[in-house]
Amino acid sequence: QVQLVESGGGVVQAGGSLRLSCAASGRALINYNMGWFRQAPGTERELIAANNWSGGSTYYADSVKGRFTISRDNAKNTVYLQMNSLKPEDTAVYYCAARPYYKAYVVESGSYDYWGQGTQVTVSS
């Protein structure tokens, strides 16, 4: 199975940018579709971006479309989430998650198989 570790979270002012990374180990990333989720206090964990095993197909939630970009480097076993034009409402814990390549990747959080520990993103106004 794969292990996932996120990094890159922090505190940023509104309008700023952050890039999150999710490093995979244990099994090659190419075997997995990947998703980025976030969860703010008192809310459910939501899928905000995902891509398939090759990176050729992507999904974005309406709330981040045009501001966030998911990408992956299978040679480095790493998935990225570039976040631009950040807003205070983007404040949340961000998680990366993996699902085998042969399964759909635009699914709810309960259907993803492997998870990182999460990284906090705080956007100040």
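For the structure itself, look to the data block above.
Described below are features of the structure shown in this document. Since we're looking at a predicted model, the values are computed, not measured. (Residues numbered from 1 in each chain as written. Predicted model: local features only at pLDDT ≥ 70, side-chain atom pairs only at ≥ 80, totals over all residues. Heavy atoms only, no water.)

**Details of the packing of aromatic side chains**
- Tallied over the full model, the rule gives six aromatic pairs.
- Ring geometry for tyrosine 101 and tyrosine 102: centres 5.2 Å apart, planes at 85°, overall edge-to-face.
- Through pairs of rings, three or more aromatic residues link up here, namely Phe37, Tyr95, Tyr112 and Trp115.
- The positively charged end of arginine 45 is found above the aromatic ring belonging to tyrosine 95, 3.8 Å away from the centroid.
- Taking NZ or CZ as reference, arginine 45 lies 4.8 Å from the ring centre of tryptophan 115, over its face. (Phe/Tyr/Trp six-rings, centres within 6.5 Å; stacked < 30°, edge-to-face > 60°. Lys NZ or Arg CZ within 6 Å of the ring centre and 35° of its normal.)

**Points about the state of the cysteines**
- Scanning all chains against the criterion turns up one disulfide.
- The disulfide partner of cysteine 22 is cysteine 96, and the gap between their sulfur atoms is 2.0 Å. In this structure, the disulfide formed by cysteine 22 and cysteine 96 twists by about 60° around the S-S bond and is classed as right-handed. With cysteine 22 in strand 3 (residues 18-25) and cysteine 96 in strand 9 (residues 92-100), this pair connects stretches of sequence that are 74 residues apart.
- Judged by relative accessible area, cysteine 96 falls into the buried class, the value being 0%. (Disulfide = S-S within 2.5 Å. Helix = DSSP H or I, 4+ residues; strand = E, 2+ residues; numbered from the N terminus. Buried < 20%, exposed > 50% of the residue type's maximum accessible area, 1.4 Å probe, protein only.)

**Focus: the pattern of salt bridges**
- Inspection of every chain in the model, using the stated rule, returns four salt bridges.
- Here aspartate 62 makes a salt bridge to lysine 65, at a shortest N to O gap of 3.2 Å.
- Of the charged contacts, one joins aspartate 90 and arginine 67 as a salt bridge, the two residues approaching to 2.7 Å between their closest N and O atoms. You can see aspartate 90 sitting in the loop between strand 8 (78-83) and strand 9 and its partner arginine 67 sitting in the loop between strand 6 (58-60) and strand 7 (68-73), a full 23 residues away along the chain. Assigned by exposure class, aspartate 90 and arginine 67 land together as buried. (Salt bridge = Lys/Arg side-chain N within 4 Å of Asp/Glu carboxyl O.)

**Observations concerning the environment of tryptophan 53**
- Counting through the fold element by element, tryptophan 53 comes out in the loop between strand 5 (46-51) and strand 6.
- Since its relative accessible area comes to 37%, tryptophan 53 is described here as partly exposed.
- Distance in space between the C-alpha atoms of tryptophan 53 and arginine 72 is 8.8 Å, their sequence separation being 19 residues.
- Discounting chain neighbours no more than four positions away, the residues touching tryptophan 53 are Ile30, Tyr32, Asn33, Arg72, Asn74 and Tyr101. (Contact = heavy atoms within 4.5 Å.)

**So, the side chain of serine 21**
- Within the secondary structure layout, serine 21 lies in strand 3.
- A relative accessible area of 17% means that serine 21 is categorised as buried.
- Non-local contacts of serine 21, meaning those with residues more than four positions away in its chain, are made with Val5, Glu6, Ser7, Trp36, Thr78, Val79 and Tyr80.

**A short note on the sheet that holds strand 1 (residues 3-7)**
- Pairing within the open sheet is antiparallel, and its four strands lie in the order 1-3-8-7. Strands with a single pairing partner mark the edges of an open sheet, and in this sheet they are strand 1 and strand 7. Taking each pair of neighbouring strands and ignoring which way they run, the sheet shows an average axis angle of 15°.
- Strand direction decides the pairing type here: strand 1 and strand 3, joined by five bridges, are antiparallel. From the neighbouring strand, valine 5 faces strand 3, where its bridge partner is alanine 23. (Pairing = 2+ DSSP bridges. Axes fitted to C-alpha atoms, helices over the stretch in contact; angles between N-to-C directions.)

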